[in-house]
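# Structural features, examined
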Amino acid sequence: MDRTGNGKPMRIVLVLSLALNLLLLGFLAARALFPEPRLVGPHVALHHAMEELSPEAQEVVRNTMRAHGKNLRAHMRELRQAKAELQDLLGTDPLDEAAVADVLQQIRRHNGAIQEEIHEATLEIARELPVDERRHLNLRWGEHIRKHEHRRELMPPPPPERR
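Residues numbered from 1 in each chain as written. Predicted model: local features only at pLDDT ≥ 70, side-chain atom pairs only at ≥ 80, totals over all residues. Heavy atoms only, no water.

### A short note on the overall build of the protein
Within the protein one finds seven helices and zero strands. When the helices and strands of the protein are read in sequence order from the N terminus, they spell out α-α-α-α-α-α-α. Out of the 163 residues belonging to the protein, those deemed buried represent 25%. The contacts in the protein between residues at least 6 apart in sequence include a share of 67% that link residues at least 24 apart. When the accessible surface of the protein is split by element, carbon and sulfur atoms take 59% of a total near 12600 Å². (Helix = DSSP H or I, 4+ residues; strand = E, 2+ residues; numbered from the N terminus. Buried < 20%, exposed > 50% of the residue type's maximum accessible area, 1.4 Å probe, protein only. Contact = heavy atoms within 4.5 Å. Areas by Shrake-Rupley, 256 points an atom, 1.4 Å probe, with all protein chains shown as cover.)

### With respect to the pattern of salt bridges
Applying the stated criterion to the full structure yields one salt bridge. Two residues, E59 and R62, come together in a salt bridge whose shortest N-O distance is 3.3 Å. One end of the pair, E59, and the other, R62, are both in helix α3 (residues 55-90), three residues apart, so they sit about a helical turn from each other. Note on R62: relative accessible area 32%, which makes it partly exposed. (Salt bridge = Lys/Arg side-chain N within 4 Å of Asp/Glu carboxyl O.)

### Here's the deal with the packing of α3 against helix α4 (residues 97-128)
Packing of α3 against α4 leaves a shortest axis separation of 9 Å and a crossing angle of 170°. The angle between α3 and α4 places the two elements in the roughly antiparallel class. Taken together, the residues that form the contact of α3 with α4 break down as 20 nonpolar, seven polar and seven charged. (Axes fitted to C-alpha atoms, helices over the stretch in contact; angles between N-to-C directions. Parallel < 35°, antiparallel > 145°, perpendicular 65-115°, else oblique. Nonpolar A, V, L, I, M, F, W, Y, C, P; charged D, E, K, R; others polar.)

### Quick word on the environment of A67
Mapped onto the secondary structure, A67 falls in helix α3. A sequence separation of 54 residues divides A67 from A121, and the C-alpha atoms of the two residues are 8.6 Å apart.

### Comments concerning the nonpolar core
Counting residues in hydrophobic clusters, the biggest one holds 20 residues, and the most contacted among them are L53, M65, V103, I107 and L129. Elements supplying a minimum of two residues to this core: α3 and α4. At ten residues, the largest contribution of residues to this core is made by α3. (Core = buried A, V, L, I, M, F, W, Y, C linked by side-chain atoms within 4.5 Å.)

### Re the side chain of E117
The residue E117 is located in helix α4 in this model. Nearest to the buried, unbridged E117 among oppositely charged side chains is R73, at 10 Å. Among the polar contacts listed, one links the side chain of E117 to the side chain of H68, at a separation of 2.4 Å. Those residues within four positions of E117 in sequence are excluded, and the remaining contacts are H68, N71 and L72. (Lys, Arg positive; Asp, Glu negative; His and termini not counted. Polar contact = N/O pair within 3.5 Å; in protein donor to acceptor, adjacent residues only side chain to side chain.)

### A closer look at α4
Its 32 residues place the ends of α4 47 Å apart at the C-alpha level, agreeing with the 46 Å of an ideal helix rising 1.5 Å per residue. Buried within α4 we find V100, V103, Q106, I107, H110, A113, I114, E117, I118, A121 and I125. (Expected span 1.5 Å × (residues − 1).)

### A word on the environment of E116
With respect to the helices, strands and loops of the structure, E116 is situated in helix α4. Given a relative accessible area of 52%, E116 falls into the exposed group. A C-alpha to C-alpha distance of 9.8 Å links E116 and L72, two positions 44 residues apart in sequence.

### Overview of a nonpolar patch on the surface
Where nonpolar side chains cluster on the molecular surface, the patch consists of M10, V13 and L14 and spans about 310 Å² of accessible area. Here V13 shows up in helix α1 (residues 8-33). (Patch = residues over 30% accessible without salt bridge, like charges linked within 9 Å, V, L, I, M, F, W, Y side chains within 5 Å.)

### What to know about the confidence of the model for the protein
Residues of the protein with pLDDT of at least 70 account for 67%, and the chain-wide mean is 77. Counting contacts from residues 36-40, a segment whose pLDDT is below 50, to residues more than four positions away or on other chains yields nine contacts. (pLDDT = per-residue confidence, 0-100.)

As structure tokens, then:
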């Protein structure tokens, strides 16, 4: 308490200080467990495939992926929407099989379009890189998964299957 008998401002400051300290501690703990930001999306393989390339070759990969980014994001957005729609449809009674089949076809179409976009980008990158850089790129496809396999142990297990 202060001299007037009112310690409320000091308690508020202490609570705020404690909250900020806990927030900072949580952030530091998360960075220790997951030092790399988690990237999501089909471009992740190309992102990690360029880790050992020269800066010039990395720039080729970045520029190519940037050029394909708008189409990739659009298909990924539409894919998420279709998956959400599928989830909604699966929760209805009676099941609308025709609607489910239609959404599953949309999901296949968007997955295919994403794959095609990645393949086009890969071909463009391969055209621009010298052969020694392409060899590094080629060697990296599965290596990132093996290199970071220890992270799988940190991930929570998948939910049990319902019967």
